[in-house]
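Understanding the architecture of this molecule
These are the residues of each chain, in order.
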Amino acid sequence: MNNVLCIGELLIDFICSDVNTSLDLGENFKKKAGGAPANVTAAICRLGGKASFVGKVGDDPFGKFLKDTLDNLNVDTSMLLMDKIEKTTLAFVSLKSNGERDFVFNRGADGCLKYDELNLDKIYSNKVLHFGSATALLGGDMRESYVRIMREAKKRNIFISFDPNFRDNLWGNNVNDFVQVSKKCIEFADFIKVSDEELKIITGKKDMYEAVDELRGESNKIVAVTLGKDGTLISTDEKTEIIPSIKIKSIDSTGAGDAFVGSLLYKISLLEDSKELYKNFDELKDIVKFANKVGAIVCTKLGAIAALPTLEEVENM
């Protein structure tokens, strides 16, 4: 089974379409399906792979909209739970001309996912488990479930991917908590994807190469650091190298990081033994080149999910 399972948040992003305004003054909002792990499943399925989503939404119109969105992309939503009490998580965002975001987050059902209400046999039957939630580590039942699944998957020798997905407007003054719980997750992971900012926050080191060495440690981990237009740094115990990005005219970079992760995990899920990838740097480079290409294509179109390419589009680029 070439299957990737992603666990985390599925939520509604209400994006203010008024130009250069704050949320208190904005009047027009567009409803979009959001949540990094959900975007990753969408990218995998768009490429022709198989992906499942584990998470919780409210049993309300927004939850139904989100489930329908993933169903229409052929994502397996059989482990998406609909909460009868908590409402679907909502995020409200407006963009200002200086690049700052006005952000209000109303957390709901996504934080209430309990370990004992999950189909564990189905979860652990997957080849790759991806933990790329921006909200799971904030606390609540979800945080406990998240780390517990990761720990059990490690025991079962399942390939574990981790993306800490730091959002400063979610963590506020609790960055130390983010660092500590991220380090715990990194111990379990086979593949770690971070931005250059996350790399500095988690390790406390300014030198990127020193920071990558610390993150990887003495184990057989693969680390990928996304550097935007400067490419992607990949590192194993054998070698560290920057893979150049694809030169494009960017229109909208929303969802490009999730598309990168999704396409990379799609390729990893096709390997006969994904746990052995760290031994083959050339194969890893080819996978990252493919993922860079997918991320670049997403930047040339509007919208996160709407911009996701098919395998044919990537191969014809």
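Use the structure listed above.
Bear in mind the structure is a predicted one, so any value in this text is a computation, not a measurement.

Reading the values: the criteria
Here the residue numbers are simple positions, counted from 1 along each chain's written sequence. pLDDT decides what is reported in this predicted model: residues at 70 or higher carry local features, side-chain atom pairs at 80 or more are listed and counted, and totals for whole chains, interfaces and linings draw on all residues regardless. Heavy atoms throughout the structure, all of them, feed into the side-chain values; hydrogens and water do not. Here a helix means four or more residues in a row that DSSP labels H or I, a strand means two or more in a row labelled E, and each is numbered from the N terminus. Our radius of gyration is a C-alpha quantity, and the globule rule it is checked against amounts to 2.2 Å times the number of residues to the power 0.38. For every residue, the accessible area (1.4 Å probe, protein chains only) is compared with the maximum for its type, and the residue is labelled buried under 20%, exposed over 50%, or partly exposed between those bounds. The contact definition used throughout considers only heavy atoms, calling two residues in contact when any of these lie within 4.5 Å. A 1.4 Å probe and the Shrake-Rupley method give the accessible areas. Residues count as covered only by the protein chains that appear here. We score Asp and Glu as negative and Lys and Arg as positive, and we do not count His or the chain ends. By convention, the charge on Lys lies at NZ, on Arg at CZ, on Asp at CG and on Glu at CD. Every axis in this analysis is a line fitted to C-alpha atoms, fitted for helices over the stretch in contact. Angles between the N-to-C directions lie between 0 and 180 degrees. Crossings are classed by handedness, with left-handed meaning an anticlockwise turn of the near helix from the far one by less than a right angle and right-handed meaning a clockwise turn. We call Asp, Glu, Lys and Arg charged. Ala, Val, Leu, Ile, Met, Phe, Trp, Tyr, Cys and Pro are nonpolar, and the rest, Gly among them, are polar. Throughout this description, the term nonpolar core refers to a set of buried Ala, Val, Leu, Ile, Met, Phe, Trp, Tyr and Cys residues connected via side-chain atoms within 4.5 Å. DSSP calls a pair of strands paired once it identifies at least 2 bridges connecting them.

**Concerning the overall build of the protein chain**
From N to C terminus, the protein chain includes 11 helices and 13 strands. A compact globule built from 317 residues would reach a C-alpha radius of gyration of about 20 Å, and the protein chain, at 18 Å, matches this within 12%. Dimensions of the protein chain, computed from C-alpha atoms along their principal axes, come out at roughly 55 × 45 × 40 Å. Per-residue burial for the protein chain yields a buried fraction of 54% across its 317 residues. Contacts in the protein chain between residues at least 24 apart in sequence constitute 69% of all its contacts with a sequence separation of at least 6. For the protein chain, the computed accessible surface area is about 14400 Å², with 46% contributed by carbon and sulfur atoms. Computing the positive centroid from 42 side-chain charges and the negative centroid from 49, the protein chain places the two 1 Å apart.

**Focus: the packing of helix α7 (residues 196-203) against helix α8 (residues 208-216)**
For the pair α7 and α8, the least separation of the axes is 10 Å and the interaxial angle reads 65 degrees. Here α7 and α8 pass one another in a crossing that is left-handed. Facing L199, I202 and T203 of α7, the residues of α8 in contact are M208, A211, V212, E214 and L215. Partitioned by chemical class, the residues of the contact of α7 with α8 number 6 nonpolar, 1 polar and 1 charged.

**What about the nonpolar core?**
Soluble, globular proteins show a tendency: their nonpolar side chains are buried together. In terms of nonpolar packing, the biggest core is built from 54 residues, with L10, L264, L265 and I268 touching the most fellow members. Mapped onto this core, the elements with two or more residues apiece are β1 (3-7), β2 (11-16), α1 (36-46), β4 (50-58), α2 (61-72), β11 (222-226), α9 (256-269) and α10 (281-299). Among the elements that line this core, the one with the most residues is α10, at 10 residues. Non-local contacts of L265, meaning those with residues more than four positions away in its chain, are made with V4, V40, I44, V128, H130 and S161. Counting 44 residues, the second largest nonpolar core, distinct from the first, contains A136, M142, I186 and V225.

**With respect to the sheet that holds strand β7 (residues 101-106)**
Taken in spatial order, the 4 strands of this open sheet run β3-β2-β6-β7, and their pairing is mixed. Either end of the sheet is taken by a strand with one partner, and the two such strands are β3 (29-34) and β7. Recorded for the sheet is a direction-independent mean angle of 20 degrees between the axes of neighbouring strands. For β2 and strand β6 (residues 90-95), the ladder comprises 4 bridges, and the chain directions are parallel. Residue pairing for β6: I12 is matched across the bridge by L90. Sheet contacts for α2: β2, β3 and β6; angle to β3, the most-contacted strand, approximately 55 degrees.

**Re the sheet that holds β1**
Spatial ordering of the open sheet is given by β5-β4-β1-β8-β9-β10-β11-β12-β13, a layout of 9 strands whose pairing is mixed. Only two strands of the sheet have a single neighbouring strand rather than two, namely β5 (76-83) and β13 (240-243). Pairs of neighbouring strands in the sheet enclose a mean axial angle of 15 degrees, with direction left out of account. Sheet topology note: the strand β9 (residues 159-162)/strand β10 (residues 191-195) ladder contains 2 bridges and is parallel. Looking across to β10, one finds that F162 is bridged to I192. Strands in contact with α1 are β1, β4 and β8 (128-131); relative to β4, the strand with the most contacts, it is inclined by about 150 degrees. Against the sheet, α2 makes contact with β4 and β5, and its axis sits at roughly 175 degrees relative to β5, the strand it touches most.

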